Amino acid sequence: MPADQAAGLRRRSARQPLRCIYCFSDSADSSVRLAHALHRIGRIPLLVDTQGRLFAASPTRSLFDWRHQLERRQLRTLPQTYGEGWYAPGVRGDEAAFAGLVNGYDYVMFDSGWGCAKFSLLPGAAHTVVMEVCRTDESMLHAYAVLKTLACFEGAFNVYLLGDQVACDHVQAAGCHFLEQGFASSICSAANEDDAFATLAVRMAGEETSLTAC
């Protein structure tokens with residue numbers, strides 16, 4: 001059975017929603033490392049290049065842009081060692097037709113820069129936000145801006161911070177102090193882990209179990 005069919009059947013048989021991960025960082029390295037970590041535990045991710053910093057130079061990139069692909073209801077994905085990639089700079093999570101084209105993946109990952117603090121969510125999905133925070137005022141302010149944006153959305157989120165531990169502690173403390181407590185309790189830090197990406201992948205797999213139990 002093809003991998004994408006296996007992923008879709010596995011999720012549907014467990015009655016789980018599609019899981020989306022929104023990755024915010026200064027570079028695309030975080031998204032790629034997390035995709036590899038998920039692949040190592042047997043998950044199939046689609047990594048969406050929303051910033052044009054992952055696949056712009058790919059020689060196998062489609063001649064048709066992502067809007068045309070959505071209109072034709074056929075994504076031109078790029079095979080990667082961790083799953084598949086999709087070159088779609090500027091795409092939004094709530095684009096019409098997108099949700100129906102990605103059901104064959106365990107995770108849909110959006111590689112986002114800090115300039116995308118105002119972003120949209122894939123309807124009907126379970127949402128996780130991962131932010132790599134550096135020990136600079138700019139990075140911490142960007143991370144807190146994303147938290148404020150998330151706090152305005154309805155529904156549940158899992159939010160993970162990684163990067164510099166002091167910076168992550170500051171961002172988490174600000175979220176707990178200024179944002180609604182129910183949302184603030186969803187913010188966790190993995191900055192003190194030896195391999196934060198492997199830790200996140202395992203935690204996300206545990207969340208799948210929790211969703212099944214619910």
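Predicted, not measured: the structure shown is a model, and the values here were computed from it.

Caption draft 1: How the structure looks around unusual backbone geometry. Residues other than glycine seldom take positive phi values, yet Arg73 does so here, at roughly 55°. Its location among the elements puts Arg73 in the loop between helix 3 (66–72) and strand 3 (78–80). In the Ramachandran plot, Ala97 falls in the positive-phi region, its phi being about 80° despite a non-glycine side chain. Mapped onto the elements of the fold, Ala97 is located in the loop between strand 4 (83–87) and strand 5 (107–112). Taking relative accessible area as the criterion, Ala97 reaches 27% and is therefore assigned partly exposed.

Caption draft 2: Summary view of the sheet that holds strand 6 (residues 126–133). Strand order in the open sheet made by the 8 strands is 3-4-2-5-1-6-7-8, with mixed pairing throughout. Each end of this open sheet is capped by a strand with a single partner; those strands are strand 3 and strand 8 (187–189). Along the sheet, successive strands turn relative to each other by an average axial angle of 25°, direction set aside. Those strands touched by helix 4 (residues 137–151) are strand 1 (19–24), strand 6, strand 7 (157–163) and strand 8, and its axis lies near 165° from that of strand 6. Across the sheet, helix 5 (residues 165–178) is in contact with strand 6, strand 7 and strand 8; its angle to strand 7 comes to roughly 150°.

Caption draft 3: Structural context of the packing of helix 4 against helix 5. One can describe the packing of helix 4 onto helix 5 by two numbers: an axis separation of 10 Å at closest approach and a directional angle of 35°. Judged by the sense of rotation from one axis to the other, the crossing of helix 4 with helix 5 is right-handed. Of the residues in helix 5, those in contact with Met140, Ala143, Tyr144 and Leu147 of helix 4 are Ala167, His170, Val171, Ala174, Gly175 and Phe178. Of the residues contributing to the contact of helix 4 with helix 5, the split by class is 8 nonpolar, 2 polar and no charged.

Caption draft 4: Region of the structure containing the nonpolar core. Counting 43 residues, the largest nonpolar core has Trp86, Phe98 and Met131 as the members making the most contacts within it. Sorting the residues of this core by element identifies strand 1, strand 2 (45–49), helix 3, strand 5, strand 6, helix 4, strand 7 and helix 5 as the ones contributing at least two each. Looking at which element gives the most residues to this core, the answer is helix 4, with 6 residues. Among the nonpolar cores identified, the runner-up in size contains 21 residues, and Cys23, Ala37, Ala190 and Ala196 belong to it.

Caption draft 5: Structural view of empty space enclosed by the protein. Summed over the entire model, instances satisfying the criterion amount to 1 cavity of 30 Å³ or more. Quantified by volume, the largest cavity comes out at close to 30 Å³. Surrounding the largest cavity, Phe64, His68, Gln69, Arg72, Gln74 and Arg76 form its lining. Classifying every residue of the lining of the largest cavity gives 1 nonpolar, 3 polar and 2 charged.

Caption draft 6: Structural view of the environment of Gln165. Among the secondary structure elements, Gln165 is positioned in helix 5. Between the C-alpha atoms of Gln165 and Glu193, which are 28 residues apart in sequence, the distance is 9.5 Å. Filtering out sequence-adjacent residues up to four positions away, Gln165 remains in contact with Ala191 and Asn192.

Caption draft 7: Representation of the side chain of Gln69 within the structure. Note that Gln69 resides in helix 3. Looking at Gln69, the relative accessible area reads 4%, which means it is buried. Not counting residues up to four positions away in its chain, the partners in contact with Gln69 are Ser62, Phe64, Gln74, Leu75, Arg76 and Trp86.

Caption draft 8: Layout of the pairing of strand 2. In terms of burial, strand 2 is a largely internal element, 5 of the 5 residues being buried. Of the two faces of strand 2, both are covered, the one formed by Pro45, Leu47 and Asp49 as well as the one formed by Leu46 and Val48. Taken together, the 5 bridges between strand 2 and strand 5 define a ladder with parallel strand orientation. When the sheet's bridge partners are listed, Leu47 is paired in strand 5 with Met109. With 4 bridges joining them, strand 2 and strand 4 adopt parallel strand pairing. By the bridge assignment for strand 4, Asp49 is matched with Tyr87.

Definitions and limits used
Residues numbered from 1 in each chain as written. Predicted model: local features only at pLDDT ≥ 70, side-chain atom pairs only at ≥ 80, totals over all residues. Heavy atoms only, no water. Helix = DSSP H or I, 4+ residues; strand = E, 2+ residues; numbered from the N terminus. Buried < 20%, exposed > 50% of the residue type's maximum accessible area, 1.4 Å probe, protein only. Pairing = 2+ DSSP bridges. Axes fitted to C-alpha atoms, helices over the stretch in contact; angles between N-to-C directions. Contact = heavy atoms within 4.5 Å. Left-handed = near helix turned anticlockwise from the far one by under 90°. Nonpolar A, V, L, I, M, F, W, Y, C, P; charged D, E, K, R; others polar. Core = buried A, V, L, I, M, F, W, Y, C linked by side-chain atoms within 4.5 Å. 1 Å grid on protein atoms, 1.4 Å probe; cavity = no way out; pocket = protein on both sides within 12 Å on 5 of 7 lines; lining within 4 Å. Points joined across faces, edges and corners; volume = space filled by probe spheres on them.

Such coordinate-based values are descriptive only and should not be taken to indicate function.
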